[in-house]
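# Examination of the molecular architecture
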Amino acid sequence: MSATLAEERPLSPLRLGLERFARNRTALGAAIVVVLFVLAAIFAPLIAPHDPADADLFRRLQPPAWEEGGDWAFPLGCDSLGRDILSRLLYGARVSLMVAALVIGIAAVIGTLLGLAAGYLRGWTDTVISRLVDTLLGFPYLIFAIGLMAMMGPGFHNIVLVLVYKEWVFSCRVVRGETLAAREQDYV
């Protein structure tokens, strides 16, 4: 009897999604590449062949190892100051992933809270938040970010703030729409 119940029970949406993902070779390959990049960034201190800030002008503009004059001690070669490019890429990926995680996390929280407020409270709250979202969506993302960075100056905190300032609008619109739809349901 229990075997027939297991066969009749429908698969969960998560299980269906994972099975569909596993059948898609392109998506699976892309996920493997992303995981490898994340692991390389996390373990950069262990796998980087050299210090990324160590400059040696004698190695200036050294070509990659597979080209003539290249050295396998510096597989991707060296930049104009003689720093190892592979080490700089590995350490640079850490900063890029940190910025991405912070921006998405902060923007999702802000966008969700403002979207919930706009969709549930409606009235002047919805109007003010929706107009702010419409105004921010009117500016091209990259030009807006470059302009704000020019005003705020360089720095890790400033780049996170600039990207959050423009990114939260997308989650806000989605959450507002879903809240408006759910608000009209009979059970609310």
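Reading the values: rules and limits
- Residues numbered from 1 in each chain as written.
- Predicted model: local features only at pLDDT ≥ 70, side-chain atom pairs only at ≥ 80, totals over all residues.
- Heavy atoms only, no water.
- Helix = DSSP H or I, 4+ residues; strand = E, 2+ residues; numbered from the N terminus.
- Rg over C-alpha atoms; globule rule 2.2 N^0.38 Å.
- Buried < 20%, exposed > 50% of the residue type's maximum accessible area, 1.4 Å probe, protein only.
- Contact = heavy atoms within 4.5 Å.
- Areas by Shrake-Rupley, 256 points an atom, 1.4 Å probe, with all protein chains shown as cover.
- Lys, Arg positive; Asp, Glu negative; His and termini not counted.
- Charge placed at Lys NZ, Arg CZ, Asp CG, Glu CD.
- pLDDT = per-residue confidence, 0-100.
- Patch = residues over 30% accessible without salt bridge, like charges linked within 9 Å, V, L, I, M, F, W, Y side chains within 5 Å.
- Salt bridge = Lys/Arg side-chain N within 4 Å of Asp/Glu carboxyl O.
- Axes fitted to C-alpha atoms, helices over the stretch in contact; angles between N-to-C directions.
- Parallel < 35°, antiparallel > 145°, perpendicular 65-115°, else oblique.
- Nonpolar A, V, L, I, M, F, W, Y, C, P; charged D, E, K, R; others polar.

### A word on the overall build of the protein chain
When helices and strands are counted, the protein chain shows 8 helices and 0 strands. For the protein chain, whose C-alpha radius of gyration is 24 Å, the value lies well above the compact-globule estimate of 16 Å for 188 residues. For the protein chain, the spread of C-alpha atoms along the three principal axes comes to 75 × 65 × 25 Å. When each of the 188 residues of the protein chain is scored for burial, the buried share is 26%. The contacts in the protein chain between residues at least 6 apart in sequence include a share of 60% that link residues at least 24 apart. Accessible surface for the protein chain amounts to roughly 13,100 Å². Of this, 68% is attributable to carbon and sulfur atoms. Taking the average location of the 16 positive side-chain charges in the protein chain and that of its 17 negative ones, the two points are 7 Å from each other.

### A short note on the confidence of the model for the protein chain
Summing up the model confidence of the protein chain, the mean pLDDT is 90 and the portion of residues at 70 or higher is 96%. The weakest mean pLDDT in the protein chain belongs to helix 1 (residues 2-8) at 59; the strongest belongs to helix 3 (residues 25-42) at 95.

### As for a nonpolar patch on the surface
A cluster of nonpolar side chains, Phe21, Leu28, Ile32, Val35, Leu36, Leu39, Ile42, Phe43, Leu46 and Ile47, forms an exposed patch at the surface whose accessible area comes to about 930 Å². Broken down by secondary-structure element, the contributors of at least two residues to the nonpolar patch are helix 3 and helix 4 (44-47). No other element matches the 6 residues that helix 3 contributes to the nonpolar patch. Relative to the assigned elements, Leu39 resides in helix 3. Among the residues examined, Leu39 registers a relative accessible area of 38% and is labelled partly exposed.

### So, the packing of helix 3 against helix 5 (residues 85-121)
It is at 8 Å that the axes of helix 3 and helix 5 come closest, and there the two elements cross at 105 degrees. Classified by the angle their axes make, helix 3 and helix 5 are roughly perpendicular. Contact with helix 3, carried on its side by Val38, Ala40, Ala41 and Ile42, involves Leu90, Ala93, Arg94 and Leu97 of helix 5 and no other residues of that element. Of the residues contributing to the contact of helix 3 with helix 5, the split by class is 7 nonpolar, no polar and 1 charged.

### Thoughts on the pattern of salt bridges
Tallied over the full model, the rule gives 7 salt bridges. Residue Arg88 pairs with Asp79 through a salt bridge whose shortest N-O separation is 3.8 Å. Taking relative accessible area as the criterion, Arg88 reaches 34% and is therefore assigned partly exposed. Arg122 is the partner of Glu184 in a salt bridge, and the nearest nitrogen-oxygen pair spans 3.5 Å. In this pair, Glu184 sits in the segment after helix 8 (156-183) while Arg122 sits in the loop between helix 5 and helix 6 (123-137), placing the two residues 62 residues apart along the sequence. What you see here is one network of salt bridges that share partners, running through Asp79, Arg83 and Arg88.

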